[in-house]
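Residues per chain are reported as follows:
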Amino acid sequence: VKYCSPFYWTMQGIFKSIFRWSDSLDCVSGSSSSVGSNQCFLEYDFIIDDLKKRGIYIASFNVDSSDNIFTAAITLVAITVFLHVVLFLRCFFAYYRVNWEEVTRRS
């Protein structure tokens, strides 16, 4: 059900366009990694872990879909077009609704 939600694809596209796996942040426990002391990779932050549990893979090293926002953009456009077509058809058939009682009385 979440894959049909425009909000899911919008948030996924926004997060993927903002964050990269090589981003870092200030953290209390310094590491001796390549980002320096008192810096941690964004990939290990608890918010990124929570998003991974929800199926939104952003800022992850060695995950192909981590930096690819084209899938989210294409899916969002497809959902938007589908919803507009459904809305148009609903309005079209509501406007040109046939009154079957009147048709049967005339015959």
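The shown structure was predicted, so the numbers you read here are calculated from the model rather than taken from an experiment. (Residues numbered from 1 in each chain as written. Predicted model: local features only at pLDDT ≥ 70, side-chain atom pairs only at ≥ 80, totals over all residues. Heavy atoms only, no water.)

Bringing the overall build of the protein into the picture now. When its secondary structure is counted, the protein shows four helices and two strands. When the helices and strands of the protein are read in sequence order from the N terminus, they spell out α-β-β-α-α-α. Here the protein holds 107 residues, and 21% of them are scored as buried. In the protein, the proportion of contacts linking residues at least 24 apart, taken out of those at least 6 apart, comes to 42%. Here the protein displays about 8400 Å² of accessible surface, and carbon together with sulfur accounts for 64% of that area. (Helix = DSSP H or I, 4+ residues; strand = E, 2+ residues; numbered from the N terminus. Buried < 20%, exposed > 50% of the residue type's maximum accessible area, 1.4 Å probe, protein only. Contact = heavy atoms within 4.5 Å. Areas by Shrake-Rupley, 256 points an atom, 1.4 Å probe, with all protein chains shown as cover.)

For the protein, the mean per-residue pLDDT works out to 76, and 72% of the residues sit at or above 70. At the level of individual helices and strands, the protein shows its lowest average pLDDT in strand E1 (residues 24-26), which scores 68, and its highest in helix H3 (residues 70-95), which scores 89. (pLDDT = per-residue confidence, 0-100.)

It is the contact of helix H1 (residues 6-18) with H3, at a shortest axis distance of 9 Å, that shows an interaxial angle of 150°. With respect to H3, the axis of H1 lies roughly antiparallel. Considering only the axes of H1 and H3, their crossing is left-handed. Seen from H1, the contacting residues are Pro6, Trp9, Thr10 and Gly13; seen from H3, they are Thr71, Ala72, Thr75, Leu76, Ile79 and Leu83. (Axes fitted to C-alpha atoms, helices over the stretch in contact; angles between N-to-C directions. Parallel < 35°, antiparallel > 145°, perpendicular 65-115°, else oblique. Left-handed = near helix turned anticlockwise from the far one by under 90°.)

Let's shift gears to the environment of Arg20. Mapping Arg20 onto the fold places it in the loop between H1 and E1. The class of Arg20 is partly exposed, set by a relative accessible area of 33%. The spacing of Arg20 and Phe41 is 21 residues in sequence and 9.7 Å in space, taken between C-alpha atoms.

Relative to the 18 Å expected for 13 residues at 1.5 Å per residue, H1 spans 18 Å between its end C-alpha atoms, a close match to the ideal helical length. Among all positions in H1, only Tyr8, Trp9, Gln12, Gly13 and Lys16 are buried. Down the axis of H1, the buried set is contained in an arc of 125°. They therefore lie on one face. More than 90 degrees from the buried face of H1, the exposed residues found are Phe7 and Ile18. (Expected span 1.5 Å × (residues − 1). Arc of directions from axis to C-beta.)

A word on a nonpolar patch on the surface. A surface patch of nonpolar side chains, about 980 Å² in accessible area, is lined by Val77, Val81, Val85, Phe88, Leu89, Phe92, Phe93, Tyr95 and Tyr96. On the secondary structure map, Leu89 appears in helix H3. With relative accessibility at 38%, the residue Leu89 sits in the partly exposed group. (Patch = residues over 30% accessible without salt bridge, like charges linked within 9 Å, V, L, I, M, F, W, Y side chains within 5 Å. Salt bridge = Lys/Arg side-chain N within 4 Å of Asp/Glu carboxyl O.)

Before going further, it helps to spend a moment on the environment of Ile79. In this fold, Ile79 is placed in helix H3. Each C-alpha atom of the pair Ile79 and Pro6 lies 6.9 Å from the other, and the pair is 73 residues apart in sequence.

Bringing the packing of aromatic side chains into the picture now. Using the criterion set out here, one finds three aromatic pairs in the structure. On the basis of an interplanar angle of 80° and a centroid distance of 5.1 Å, the ring pair of Tyr8 and Trp9 is categorised as edge-to-face. Each member of the pair, Tyr8 together with Trp9, is buried. Seen from their ring centres, Phe92 and Phe93 are 5.4 Å apart, and the 75° between their planes marks the pair as edge-to-face. (Phe/Tyr/Trp six-rings, centres within 6.5 Å; stacked < 30°, edge-to-face > 60°.)

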